[in-house]
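# Inside the fold
One-letter residues, chain by chain:
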Amino acid sequence: MATIDRQTPTLALAHALAAAGRGLPVFPLSATKLPALRSPHRGEQPPAHCRGECGLPGHGVHDATTDPAAVRALFAAAPRATGYGIACGRAPHRLIGIDLDVDPAYGSDAAGALRQLALQHLFTIPPTVTVLTPSGGRHLWLTGPADATVPNSAGRLAPGIDIRGTGGYLVGPGSVTAHGRYRLAPGTAHLTPAPAPRALLRLLTRPRRPATTTRNTGSTPTPDRRGEGLIQFVLAAHEGQRNTRLFWAACRAYEHGFGDTLADALAAAAVRTGLPEHEARAAIASAARLTSRRGGEETNGAA
């Protein structure tokens, strides 16, 4: 586990400035890997939908910038930042992050699942920037074309493979978290992010299959099965959809009686797409209040 000391924020700023100098939009992160700046709209009711239009910092991935002066100002406002996030999907690189987890629950590592996909769909991952995570996983940095919008997802491509696309972010190398340090894999520091193979890009951008309609048997889907679908719905949100999708999913969960059980997982899913945690919690709380007032009536609006 990496040591967090007085020099950590200074080093985080230095790493962030270096990344910004390579055209990567950055913003400060805390040791929890969440945005280090609190929203200027915290406590507002209903929750604000501002994505930085107010001109104030504290909008998570929407604060990301390549301007050195702006980067310094963000870190000055977040003196306890221990790392930095890199916004995906933004020009000029339009970064796509392939997050390969290592978890015994999957039965095998995600790198093996990616190799299997490559064999099945006839593509090769080119040499590219690779970041080693404290858990033993790795992030592969790829780039996408201007006409492709890659959504964020978790486990959609294969178990253990998370995708960071438009509206998401990656923890930058040199960042220190509560679990350790992110660092460049040996032999990749001199590389630039490689273009995503076309076959892989098709997998990342293809629409999800519509849910299969089943006959009404008089039974209600279990919270676990229904909850997984709602979580995937939140994870697939594009930029500008995150709060709306989260609110809709939370309404559905509360209407079917397992909102409190699913709240933490929904919030975590929203945070993984780039929504600040306080905004996620506020949206879920609004859904709980609204569905409680309506006594379980169908809710079609959004916060």
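Look above for the structure.
Quick look at the structure, then. Keep in mind the model is a prediction, meaning the values are calculated, not measured.

Cut-off values and rules
- Residues numbered from 1 in each chain as written.
- Predicted model: local features only at pLDDT ≥ 70, side-chain atom pairs only at ≥ 80, totals over all residues.
- Heavy atoms only, no water.
- Helix = DSSP H or I, 4+ residues; strand = E, 2+ residues; numbered from the N terminus.
- Buried < 20%, exposed > 50% of the residue type's maximum accessible area, 1.4 Å probe, protein only.
- Contact = heavy atoms within 4.5 Å.
- Areas by Shrake-Rupley, 256 points an atom, 1.4 Å probe, with all protein chains shown as cover.
- Expected span 1.5 Å × (residues − 1).
- Arc of directions from axis to C-beta.
- Pairing = 2+ DSSP bridges.
- Axes fitted to C-alpha atoms, helices over the stretch in contact; angles between N-to-C directions.
- Core = buried A, V, L, I, M, F, W, Y, C linked by side-chain atoms within 4.5 Å.
- Salt bridge = Lys/Arg side-chain N within 4 Å of Asp/Glu carboxyl O.

### Quick look at the overall build of the chain
Counting its regular elements, the chain contains 8 helices and 12 strands. Here the chain holds 303 residues, and the buried ones make up 49% of them. Once local pairs closer than 6 in sequence are excluded, the contacts in the chain between residues at least 24 apart make up 75%. If you sum the accessible surface of the chain, you get close to 15,100 Å²; carbon and sulfur atoms cover 53% of it.

### Things to note about helix α1 (residues 7-21)
A rise of 1.5 Å per residue sets the reference length of α1, with its 15 residues, at 21 Å; its end C-alpha atoms lie 21 Å apart and thus fit the reference within 8%. Restricting attention to buried positions, one finds in α1 the residues Thr 8, Ala 12, Leu 13, Ala 16, Ala 19 and Ala 20. Looking straight down α1, one finds that the buried residues subtend no more than 135° of arc, so they occupy a single side. Along its buried surface, α1 packs onto β1 (26-29), α2 (68-77), β2 (83-87) and β9 (176-177). Positioned one or two residues after α1, Gly 23 has a phi angle of 85°, which is positive.

### A closer look at the sheet that holds β1
If you trace the 3 strands from one edge of the open sheet to the other, you get β1-β2-β8, paired in antiparallel fashion. The open sheet has two edge strands, β1 and β8 (169-171), and neither has a second partner. Strand-to-strand, the axes of this sheet are offset by a mean angle of 35°, without reference to chain direction. Those strands touched by α1 are β1 and β2, and its axis lies near 20° from that of β2.

### A short note on the nonpolar core
Within the largest apolar cluster, 31 residues are counted, with the highest numbers of intra-cluster contacts made by Val 26, Phe 75 and Trp 141. Of all the secondary structure elements, the ones that give two or more residues to this core are α1, β1, α2, β2 and β8. The leading source of residues in this core is α1, at 5 residues. Excluding residues within four positions of it along the chain, Phe 75 makes contact with Ala 12, Leu 13, Ala 16, Phe 27, Pro 28, Ala 81, Gly 83 and Tyr 84. Listed in part, the 24 residues of the second largest apolar core include Ala 250, Phe 258, Leu 266 and Ala 280.

### Topic: the pattern of salt bridges
Considering all chains together, one arrives at 4 salt bridges under this definition. Between Arg 281 and Glu 277 there is a salt bridge whose closest N-O contact spans 3.9 Å. Residue Arg 281 and its partner Glu 277 are both found in helix α8 (residues 277-294); the two are separated by 4 residues, about one turn of the helix. For Arg 281, a relative accessible area of 36% gives the class partly exposed. Linked by salt bridges that have partners in common, Asp 264, Glu 277 and Arg 281 make up one network.

Any functional reading would require information that these geometric values do not contain.
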